[in-house]
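Notes for the structure review
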Amino acid sequence: MTEQASGRSFGARLRADVEQTKADVERGVEALRRDLEQTKAHLTGGRAGADLDQTAGDTVLQALGREPIPQDGAPNPEPEAVRLDPEEALPHCTECEQALVNEEACWVCVEGHGHAAIYSVATGLIGPVAVHAVQTAAEEATEADGRACPFCAGAMVVIDLEWDETDTSALLHQGGPQRGHAQLEACTVDRLIWFDRESADVIPPP
Ligand SMILES: [Zn+2]
Ligand SMILES: [Zn+2]
């Protein structure tokens, strides 16, 4: 309970509860009334009731307050266009445009063009210090002239990552060279890093 709420008198809280309950009941009654109008319209072929585009799902969501109830007995609005092709919603390889597959929380191109990892996942690949360095460089960059982000298609920021024996990102050294260099790309919108084929030679995918 918030301080404000607990600071209110019992009477005030009770009144607020009663008002809320009344609103809940009114919403439920209105949703059911719309359901009845729709059923009548359906059963009489439109001679009675009103065609409100009211589905059983609308009735439940409206009663719960999760879907607005149109004013003055108006029909429910057309549902917003949905993307029917789930493939469309998947991230795509920035080179071959094939849908990336999810492997160990990374998004990997099956053709081997590279893989994308959000910052938190990339931490497991190159270590938190390196991710922080990439993130900072990406946010401070004045221009983005890399490939298109697999998720949002915006241009990614190209980042040169260098490390040597003194680097605290021990993960970069695992099975790789003690000192090295890789060119990565980062999307500041989706907060992810794209490891292309070349960088994958130095920083192996998961
Ligand atoms: Zn590819
Ligand atoms: Zn993006």
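As a reminder, the structure under discussion sits directly above these lines.
Notes on the structure follow.

Conventions used here
- Residues numbered from 1 in each chain as written.
- Chains lettered and ligands numbered in written order.
- Predicted model: local features only at pLDDT ≥ 70, side-chain atom pairs only at ≥ 80, totals over all residues.
- Helix = DSSP H or I, 4+ residues; strand = E, 2+ residues; numbered from the N terminus.
- Contact = placed C-beta atoms within 7 Å.
- Axes fitted to C-alpha atoms, helices over the stretch in contact; angles between N-to-C directions.
- Parallel < 35°, antiparallel > 145°, perpendicular 65-115°, else oblique.
- Left-handed = near helix turned anticlockwise from the far one by under 90°.
- Nonpolar A, V, L, I, M, F, W, Y, C, P; charged D, E, K, R; others polar.
- Pairing = 2+ DSSP bridges.

1. Some words on the environment of Arg147
Take Arg147: it is sitting in the loop between helix H6 (128–140) and strand E4 (157–163). Those residues in contact with Arg147, other than ones at most four positions away along the chain, are Thr94, Met156, Glu185 and Trp194.

2. Structural notes on the packing of helix H2 (residues 10–43) against helix H3 (residues 56–64)
Put simply, H2 and H3 touch, their axes get as near as 7 Å, and they point 165° apart. When the axes of H2 and H3 are compared, the pair comes out roughly antiparallel. Of the two possible hands of crossing, H2 and H3 adopt the one that is right-handed. For the pair H2 and H3, contact is made by Arg27, Gly28, Ala31, Leu32, Arg34 and Asp35 and by Thr59, Gln62 and Ala63, respectively. Of the residues in the contact of H2 with H3, the class split is 3 nonpolar, 3 polar and 3 charged.

3. Regarding the sheet that holds strand E1 (residues 101–103)
Taken together, the 6 strands give an open sheet; going across it, the order is E1-E2-E3-E6-E5-E4, and neighbouring strands pair in antiparallel fashion. Looking along the sheet, the strands with just one partner apiece sit at the ends: E1 and E4. Neighbour-to-neighbour, the strand axes of the sheet open up by a mean angle of 30°, direction not taken into account. In the packing of helix H5 (residues 119–126) onto the sheet, contacts are made with strand E2 (106–108), strand E3 (114–118) and strand E6 (192–196), and the angle to E3 comes to roughly 120°. Packing against the sheet, H6 makes contact with E4, strand E5 (180–187) and E6, and its axis sits at approximately 145° to E4.

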